[in-house]
Structures are given as C-alpha cells and as structure tokens.
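Summary of the model geometry
The residues making up each chain are set out below.
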Amino acid sequence: MLPFSYAARNLFRSKSRLFQTIGGSALVVLLVMSALAINDGMNRVLAASGSPENVILLGAGSEESIQRSEVPERVAGIVEAAVPGISEALGVRAVSSEIHYMNYLSLDDGTRAQAMFRGVTPQALRVHPQVRLMEGAFPSSGQAMAGRLAWRKLGVSEAAMKVGGKVLLDGQEIIISGIFAAPGTVLESEIWLPLGDLRVIAKRETISCVVLRLDDAADFTEVDLFAKQRLDLELAALRESDYYGQLSAFFKPLRIMTWITAGLIAAGAVFGGLNTLYAAFAPRVREMAALQAIGFSRRTLWFSLVQESTMACLAGALLASVAALVLLDGRTVPFSIGTFTLEITPLVAAAGILTGVGLGWIGVIPPTVRCLMPPLPTALRMS
Amino acid sequence: MKTTIILIASSVFLVSCNAKKAETPPAANPAKPSAALEKVLSTVPTGTPRSIAASRDSLKPGDEVTLSGRIMGTKSPFVDGRAVFVLGDPELLTPCNENPGDNCETPWDTCCDSPEDKKKGTASIQIVGEDGRVLKEGLEGIAGIEKLATLTVSGKVADGSNPDLLIVNATALQVRK
C-alpha cells in the first residue's frame, strides 16, 4: 500500500490542475446543493401551507384552482349549522369565507407587480392559526394586511410594504394596516383585505371558497358527505393539505427544470474536468509504471489515485458547502403563489458531500485510463 | 474509451426520472357489508326507471321513485366510509371519454358538460340506517358499485329534497351489467 502522504503530496504537484479540479468540483456540488435546496424549499412551504385539519369547500369543477372557484356566500352559514366536528371557540365555529384573487398592485413609485390577495373576515384567524399579527392591526375597509414576505414576492423593497404605506389595487388606494407572519407557509407572501372590499374590487358576487377547521382531521368525511348531499350548492370538499399537495405536483415540471439545468451545467463541468485530468496525467505515466516495476500492484496505485482525486473533490465540496451557507442559506425565492426559503439542511449538506465523493470516483477515471491501462513495457518507454 | 465514458455519463442524465407508478386497482371495501346494506343490495328495484332530469321537478319528499343512471357527475362521486354516491343522468351527462378524441383520466366528472346540466342531471343516492342516518360504510367496490357503473335504484325521496336538490334514500339497488 502506498502511504497516504504520497497521494496528499501529489495534489500540489500541479497547482493549476488542483485549482481546476477543486473549482470544477465546487461548481458541481454547489449546483446539486442549490437544486436540492430549491426542491426542498418549495416542497416544504407547500406542505406546511396546508393543514390536514382544514377543509376547503370550493366550486365543483374548480378543484385545481381556488381563484377560478365560485361559491355562493350563503354556504358558510349553511356549513356552520350543518357540519359536525367543526372547531369551536367561545361559541364561534371556525368557518371562514374567502376570496382568493391575483392581480397587479401598484406602488407610489410606479412599480407594478403581481400579488396574491385574500379577502377575509376576522374568522380567517380561526382557521389559519399560524397567522400572527406582528405589527399594526387587522384591516378594516380601505386597508390591507401584508404578509411579512409580500415585499419579496412583489420584488420591491421591504420599506414599500410597511405599516402606513399606500398601495394601489385596480385604481383604489389601500393603506397597509398591519404586517402578519405565518412562518414557513405561502400565506406570508399574501396581502389580506376585508372580504367586502375585495368582492367589490374583484367584481364578484360569489366567494372563492369556504375554509373550515375541524377538531379532528378524520371528520373530513362529514364535510365530504355534506358536499355530496347538497348537490344544489355545487361544492367539492378538499383537504387543505391535499390542495397544496396538488399545487406541489403542479410545480413539479419547474423543479425538474431546475434539476435539468443544474445537470447540464454540471455535466459541462464534469466533462471539462475529465478532459483536463486526462491531459494532466500524461507526465505521470512513467512514474506509475516505475512504481509497478518495483512491485506496487495496479490496484494499489489505483487506490492512491482514488485518494488523490477524492481529496481534491472533497476540498471542492467543502468550498461549495461554505458558499452555499453564505450565499443560499436563508434566502427567500419568489414563485407564482408565494415565496419559499432556501435552507441548507443536513440532507442538502450530506448530498453535497456525497456528490464530492462521487466526483472523486469519477475523477479517478482519466488517470486510471492514462496511467494504468497501457502495458508496463510500453508505459516505461512513454514520454 | 472516451466514447464509453460519454455513453455512460449520458445514460445517467437520460434515465427517466418520471417513472409512472403502477396503477392501483379501485379501492375495494374489504369489510363485509352490514345487514342493512346487504338488504338494499339484495333487493331488486321495482317500478319503471325514470331519468333524473325528467323526474326531479315532480318529486316531493316521501315519494317512492325508481331512477336509473350512472355513477358520475362529480370528480369524486363516493364518500369514504359513508353509504352515499352521486348518480348522473346519462341522457343529460356524458362521460368525457365517450366524446371522440377525449382521453380524460377522470371521465366520471363529466367535465365537458355544463354546470347547469350537472346540477339538473345528478342526484344523491344514500343508504340510511334505522336511525335515519347515512350508514358509516363506503360503497365503492361493493357488488359492482364503481365509478361509471350503470344502476337502477328504488327508494324514497329524502326530506329536504326540492327541484334543485334530489336526495333518494335507497331501498333497492341493482348494478346493470
């Protein structure tokens, strides 16, 4: 067995090659970590946004889009009286009539951006207990309450969405009355308005959905039964968690594109690295042949090359991990229905290390081909 | 050798990442039907079957009625753990896959029909116990009751029914082959 120090010292024989290997490996690892963090972040926010205890009653046939759904406003009262198992506090049942509406919002400086609006009553706080008012007050007529990440979704400065700020929606001036948080969910990228205001702005006579919160998620059956027994109301009952699960499936092509893009760039980096390594090992053919001649087996030499390659690639993985922690961790990324946060979780970090190890093994292919494949007499005479 | 490396690497990227899950058969109810349900399933409907759309205006709660139709009209016509389903009128509603060139994956939702036709052409069929409440057992998969199955149902129009809402408490049910 060749000493480990042999592999370690060889790393520094060509500083430019080492730099290229580490750089290429860091790029590939960073891409893999980014793609995984994006996938993970989007899945996490959509999974956290839907509660299994919440049931959405929306218009039959609009199960895939709340915004298209139309539900008569009287449904909330009927549901409240007819469905057993709804969560209740101080004699009030957790049933919230909502309008979900997407439109452009304008700021004083002329900035125009697409925002997700939700028309609500104070009942919404009962069915979405994760929502916490951080600053200001629940909106009354002419006001809106912005999620703490709404500014990020809109692509404006945080100061533009502070309490007291003014925005324009469909020509109507709206004052930001409060900022709310709903950690880890898409809700905190939304802007909430009083239901009546949004009904007028959206020119709707119906609401988008009725959301109700159950004491026990198993009571979904009761809500579903209600929907099937009241065909005149044209309703479909959907667990909120299932709705966001559907959205997650809807965004799957986007996530696949992320992987394909990362894969293509990484493939370029890998092939470039392989090419460089193949050429760079030319001067060491005779050295390897000499080591074979004095008794070291090909397997021993191959193992030493694996050590060398893995060390270089793991150094790249380390560099990429530091870059990921500094550049990616905690960053919020906007997408069509909200924002999600990139997190370098243990899974993402482990994937980075595994990619580094994998690259180390791929990286050993060129030196193996270049140095160990030729027959010994030929290799000894190679220049 | 270079070619081999390129081929191996390419195959890694070209491997399909969207392998289709194996199709699972429709959920069957493994539990034995209760006596109340068994009674309804073993009773042959009587009377001339009427269409849902044609009869709904004339029916009142308490009327005896025999309807024929297909289980359709909504994306999920059954309720898990409850003896109820949505019956659709085939004279008014058409499963989407029966339209030429339509390969809809959920033809029983009759998504090609208008909401007005769906409202007019559907009825809730439920099986209730002696206490008047819907039996707490699912129907899907029992005795051939499945999405798009054609069946005949006899029963009594339930309280609360009106021309906009037709609910039938089934006393006899037969799936037509």
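Counting from 1, residues in each chain are numbered in the order their sequence is written. Following the order in which they are written, the chains are lettered starting with A and the ligands numbered starting with 1. At least 70 in pLDDT is required for a residue's local features to be given in this predicted model, at least 80 for side-chain atom pairs to be given and counted, and no such filter applies to totals for whole chains, interfaces and linings, which use all residues.

Re the overall build of chain B
From N to C terminus, chain B includes four helices and six strands. Burial is judged by counting the other C-beta atoms within 10 Å of a residue's own C-beta: 20 or more makes it buried, 12 or fewer makes it exposed, and any count in between marks it as partly exposed, with every C-beta position built from the backbone. Put simply, chain B has 177 residues, and 37% of those count as buried. A pair of residues counts as a contact when their C-beta atoms, built from backbone coordinates, are separated by no more than 7 Å. Here the analysis covers contacts within chain B between residues at least 6 apart in sequence; of these, 66% occur between residues at least 24 apart. Going along the chain from the N terminus, every DSSP run of H or I of four or more residues is numbered as a helix, and every run of E of two or more is numbered as a strand.

A closer look at the confidence of the model for chain B
Residues and elements named next belong to chain B. As a per-residue quantity, pLDDT reports the predictor's confidence and falls between 0 and 100. Counting all residues, the mean pLDDT for chain B is 84, and 82% of those residues have values of 70 or more. Across residues 1-25, where pLDDT falls below 50, the model places seven contacts with residues more than four positions away in sequence or in other chains. We note a pTM of 0.77 for the whole complex and an ipTM of 0.80 for its interfaces.

Considering the pairing of strand S5 (residues 150-157) of chain B
Residue and element names in this part refer to chain B. Counting buried positions along S5 yields six of eight residues, so the element is predominantly enclosed. At least two bridges found by DSSP between two strands are what make those strands a pair. Relative to S5, strand S1 (residues 64-71) runs antiparallel, the two sharing seven bridges. Note on S5: the bridge partner recorded for Val65 is Gly155. Where S5 lies against strand S6 (residues 167-176), eight bridges are found, and the strand directions are antiparallel. Residue pairing in the sheet places Gly155 in a bridge with Ala170 of S6.

Some words on the nonpolar core
In plain words, the nonpolar core is the set of buried Ala, Val, Leu, Ile, Met, Phe, Trp, Tyr and Cys residues that C-beta atoms within 7 Å link up. Core analysis: the biggest nonpolar cluster contains 149 residues, and Met33, Leu57, Val210 and Leu212 of chain A together with Val168 of chain B have the highest contact counts within it. For this core, the element with the highest residue contribution is helix H2 (residues 15-49) of chain A, accounting for 16 residues. Excluding its chain neighbours within four sequence positions, the residues that come into contact with Leu57 of chain A are Val71, Val75, Val79, Cys209, Val210, Ala227, Leu235 and Ala237 of chain A.

Remarks on the interface of chain A and chain B
Taken together, the contact pairs 19 residues of chain A with 22 residues of chain B. Broken down by secondary-structure element, the contributors of at least two residues to the side of chain A that touches chain B are helix H7 (220-229), helix H9 (252-280) and helix H13 (365-372) of chain A. At five residues, the largest contribution of residues to the side of chain A that touches chain B is made by H7 of chain A. Its residues assigned to classes, the side of chain A that touches chain B comprises nine nonpolar, four polar and six charged. Polar here means any residue other than Ala, Val, Leu, Ile, Met, Phe, Trp, Tyr, Cys and Pro, which are nonpolar, and Asp, Glu, Lys and Arg, which are charged; Gly is therefore polar.

Re the domain arrangement of chain A
Residues and elements named next belong to chain A. Taken domain by domain, chain A comprises domain 1 (4-48 + 251-381) and domain 2 (54-215). Domain delimitation in this document rests on an assignment produced automatically or drawn from a domain database. In this structure, domain 1 and domain 2 have C-alpha centres spaced 46 Å apart. Tallying the contact residues gives eight residues for domain 1 and nine residues for domain 2. For the side of domain 1 that touches domain 2, the elements supplying multiple residues, two or more each, are H2, strand S13 (332-335) and strand S14 (338-341). Here the element with the most residues in the side of domain 1 that touches domain 2 is H2; it accounts for three residues.

Here we look at the environment of Val223 of chain A
All names here are of chain A. Within the secondary structure, Val223 sits in helix H7. Note: C-alpha distance between Val223 and Pro283 (60 residues apart in sequence) is 75 Å. Val223 has contacts with Val55, Val83, Leu212 and Ala237, leaving out every residue within four places of it along the chain.

A few points about the environment of Leu247 of chain A
Residue and element names in this part refer to chain A. As for its placement among the helices and strands, Leu247 is situated in helix H8 (residues 240-250). Among the residues examined, Leu247 registers 20 C-beta atoms within 10 Å and is labelled buried. Sequence separation between Leu247 and Ala236 is 11 residues; the distance between their C-alpha atoms is 17 Å. In contact with Leu247, other than residues within four places in its own chain, are Leu46 and Ile337.

Digging into unusual backbone geometry
Note: most residues except glycine have negative phi, and most peptide bonds are trans. Of note in the backbone geometry, Glu234 of chain A takes a positive phi value of approximately 55 degrees without being a glycine. Locating Glu234 of chain A in the fold gives a position in the loop between H7 and strand S12 (235-239).

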